[in-house]
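Below, each chain spelled out in residue letters.
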Amino acid sequence: MIDDESQGSPRARGGRSLPIDLVAVAAATVLVAAVGLASQYSGAAVLGPLAVPSLLFAPGYVAVSALFPERDGLGGFERLALSVGLSLAIVPVLGLGLAATPWGVRLVPLVLVAAAFTLLAAAVATVRRRTVPEDERGRVPVREWIESGRRGAFRSGTRGDAALTVLLVVSTLLVVGTVGYAAVTSPQDESYSAIYLLTEDEDGELVADEYPAEFEPGEEREVIVGIENHEHRPTEYTVVVAEQEVDVSDGEAIVDEQRELERFDARLEHGETRILSNEFEPTMAGSDVRIVWLLYLDGDVPDDPSVESADYYVSLWGDAADEAAD
């Protein structure tokens, strides 16, 4: 006589099958992560709305499933509420970990790290749930809720309760979604670049002091140019070095004459600082002459470079010991 279980009874098949809820959460998480990677290169702004459930529900749900593989007195609504609450505790911890990395706390890295956590926890939850008899396994009874709602909707005594329950659930989801969307789409770390001048002191240390104070035509001078990339992406920089004869009137600098001395390019990764030695040879002299280093991003250099068109710049005045930087 052959045992029914060896033939593949529903209970046996259910013991071997993957939990549909965990598979759905994992699949949705992978989809959101893929969208995040695509948006990183395409610049499309579609990740924000998708990231809300990915960050505010999925990590907590798989964590709850791993911690409580059996029903253990947790109803469907309790599991959902605990999933959101636990996600709100898990995601900030993941963010703290990202803050110590070059990627920083930004939406795409946060979604990817949360996805890795969700998939790992889903695997743990699947293994733990399989150790529990099928009729004792914890899950969210969505199908039962739908069937119960259909039956109750036609009972006059339960219509009011059903409407209030639906209103409560929808309101909760709207509040969580609104707060979550505001959180994940709020301005992240400010993107910026920087350019500055340094010199080398007697000990060979780089200092922001003792700049060349007098410019003599034909006399070569040297400074150290520092460039920093905080744009959260690899960036191509172009530095245009120019000398200007400037008329300062009522606090406003008017360029009477400008001559480009040279230009050079540099490609920096996010968080990278590049220190470059720059030798220049002025052709003008006087206290109304300044040397400017104009920094442009992504090769967007106009035909007539100026401090007004530069993304960032730093300047050095003749017959002056201090740097005037913006």
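Up top is the structure.
Residue positions are given per chain, counted from 1 along the sequence in the order it is written. Selection of residues for local features in this predicted model requires a pLDDT of at least 70, selection of side-chain atom pairs for listing and counting requires 80 or more, and totals for whole chains, interfaces and linings are taken over all residues. Just so you know, side-chain values use all the structure's heavy atoms and leave hydrogens and water out.

**Q** Outline the overall build of the protein, supporting the account with residue identities and numerical values.
**A** A run of DSSP states H or I qualifies as a helix once it reaches four residues; a run of E qualifies as a strand once it reaches two. Both are numbered from the N-terminal end. Tallying secondary structure elements over the protein gives nine helices and nine strands in all. Classification of residues uses two cut-offs on accessible area relative to the type maximum, computed with a 1.4 Å probe and protein chains only: under 20% is buried, over 50% is exposed, and between them is partly exposed. Per-residue burial for the protein yields a buried fraction of 36% across its 326 residues. Accessible surface for the protein amounts to roughly 18600 Å². Of this, 57% is attributable to carbon and sulfur atoms. Here the Shrake-Rupley method, with its probe set to 1.4 Å, supplies the accessible areas, and only the displayed protein chains count as covering residues.

**Q** An account of the packing of aromatic side chains is requested, with residue identities and associated values reported.
**A** Ring pairs (aromatic) are described by centroid distance and by the angle formed between their planes. Aromatic rings from Phe, Tyr and Trp, taking only the six-membered ring of Trp, are treated as a pair when their centres fall within 6.5 Å; an angle between ring planes under 30 degrees marks them as stacked, one over 60 as edge-to-face, and anything in between as tilted. As enumerated under the stated definition, the model contains two aromatic pairs in all. For the pair Phe57 and Tyr61, a centre-to-centre distance of 5.3 Å together with 25° between the ring planes defines the contact as stacked. Residue classification places Tyr61 among the buried positions, given a relative accessible area of 5%. The interplanar angle of 85° and the centroid separation of 5.6 Å between the aromatic rings of Phe280 and Trp293 together place this pair among those described as edge-to-face. Within this pair, whereas Phe280 is found in strand β6 (residues 273–280), its partner Trp293 is found in strand β7 (residues 289–297), the two being separated by 13 residues in sequence. Using a relative accessible area of 2% as the deciding quantity, one classes Phe280 as buried.

**Q** I'd like to hear about the pattern of salt bridges, residue by residue, with values.
**A** When a carboxyl oxygen of Asp or Glu is within 4 Å of a side-chain nitrogen of Lys or Arg, the pair counts as a salt bridge. The final tally for this structure, using the stated rule, is seven salt bridges. For Glu236, the salt bridge identified is with Arg267, shortest N-O distance 3.1 Å. Taken as a pair, Glu236 in strand β4 (residues 235–249) and Arg267 in strand β5 (residues 252–268) lie far apart in primary sequence, 31 residues in all. Take Arg267: its relative accessible area is 44%, and that puts it in the partly exposed class. Look at the salt bridges and you will find they share partners, linking Glu236, Arg267 and Glu269 into a network.

**Q** Before we move on, could you go through helix α5 (residues 58–67) and cite the residues and values that matter?
**A** Residues that lie three or four places apart on an α-helix share one face, since the helix turns once every 3.6 residues. The buried count for α5 comes to nine of 10 residues, which makes it a mostly enclosed element. Among the residues of α5, Ala58, Pro59, Gly60, Tyr61, Val62, Ala63, Val64, Ser65 and Ala66 are the ones counted as buried.

**Q** Describe the sheet that holds strand β2 (residues 206–207), listing the residues and the values that go with them.
**A** Through backbone hydrogen bonds, the strands of a sheet pair up, either in parallel or in antiparallel fashion. The strand order across the open sheet built from four strands is β2-β1-β3-β6, with neighbouring strands paired in antiparallel fashion. Edge positions in the sheet fall to β2 and β6, since each has one partner strand and no second. Here a strand pair is declared whenever DSSP counts at least two bridges between the two strands. Here strand β1 (residues 192–200) runs beside β2; their pairing, made up of two bridges, is antiparallel. Across the sheet, residue Thr199 finds its bridge partner in β2, namely Val207.

**Q** If you had to explain a nonpolar patch on the surface to someone new, which residues and values would you point to?
**A** Exposure above 30% relative accessible area and no salt bridge define the residues that can form patches, which grow by joining like charges within 9 Å and nonpolar side chains of Val, Leu, Ile, Met, Phe, Trp and Tyr within 5 Å. On the surface, a cluster of nonpolar side chains totalling about 310 Å² of accessible area is made up of Leu18, Ile20 and Val23. On the secondary structure map, Leu18 appears in the loop between α2 (10–16) and α3 (20–42).

**Q** With reference to specific residues and values, describe the side chain of Gln244.
**A** If you trace the backbone, Gln244 turns up in strand β4. Relative accessible area serves as the criterion here: at 1%, Gln244 is assigned to the buried category. Under the rule applied, a polar contact is a pair of N or O atoms within 3.5 Å (in protein, one hydrogen donor and one hydrogen acceptor; residues adjacent in sequence only if both atoms are side-chain atoms). Within the structure, the side chain of Gln244 is placed 2.5 Å from the side chain of Gln258, a separation counted as a polar contact. A polar side-chain atom of Gln244 sits 2.7 Å from a polar atom in the side chain of Arg290. Discounting residues that sit within four places of it in the chain, Gln244 has contacts with Val255, Glu257, Gln258, Met284, Asp288, Val289, Arg290 and Val292. Throughout, a contact is declared for two residues whenever any of their heavy atoms are within 4.5 Å.

**Q** Quick rundown of the packing of α5 against helix α7 (residues 107–130)? Include the residues and the values.
**A** Each pair of packed helices can be summarised by the angle the axes make with each other and by the distance between the axes. Note on method: axes are straight lines fitted to C-alpha atoms, helices fitted across the in-contact stretch only, with angles between N-to-C directions ranging 0 to 180 degrees. At a minimum axis separation of 8 Å, α5 and α7 run at an interaxial angle of 25°. Comparing the axis directions of α5 and α7 gives the class roughly parallel. Viewed along their axes, α5 and α7 form a crossing whose handedness is left-handed. Contact residues: α5 offers Ala58, Pro59, Val62, Ala63, Ser65, Ala66 and Leu67, while α7 offers Ala114, Phe117, Thr118, Ala121, Ala122, Val124, Ala125, Arg128 and Arg129. For the contact of α5 with α7, the class distribution of residues is 12 nonpolar, two polar and two charged. Note that the term roughly parallel is reserved for angles under 35 degrees, roughly antiparallel for angles over 145, roughly perpendicular for angles of 65 to 115, and oblique for everything else. For any helix crossing, the convention is left-handed if the near helix is rotated counterclockwise from the far helix by under a right angle, and right-handed if that rotation is clockwise. Amino acid classes used here: Ala, Val, Leu, Ile, Met, Phe, Trp, Tyr, Cys and Pro are nonpolar; Asp, Glu, Lys and Arg are charged; the rest, including Gly, are polar.

**Q** Can you tell me about unusual backbone geometry, naming the residues and giving the values?
**A** Phi is positive for Glu210, which is not a glycine, with a value near 55°. Non-glycine residue His232 carries a positive phi angle of around 65°. Mapping His232 onto the fold places it in the loop between β3 (221–230) and β4. Given the relative accessible area of 12%, His232 is considered buried.

**Q** Can you break down the pairing of β7 residue by residue, with the values?
**A** Across the nine residues that make up β7, a large majority, nine, are buried. Of the two faces of β7, the one carrying Val289, Ile291, Trp293, Leu295 and Leu297 and the one carrying Arg290, Val292, Leu294 and Tyr296 are both buried. As defined by bridge partners, β4 adjoins β7 across nine bridges and the pair is classed as antiparallel. Bridge pairing in β7 places Glu245 opposite Val289. For β7 and strand β8 (residues 312–317), the ladder comprises six bridges, and the chain directions are antiparallel. Of the residues in β8, the one forming a bridge with Trp293 is Val314.

By themselves, these observations are geometric and do not establish any function.
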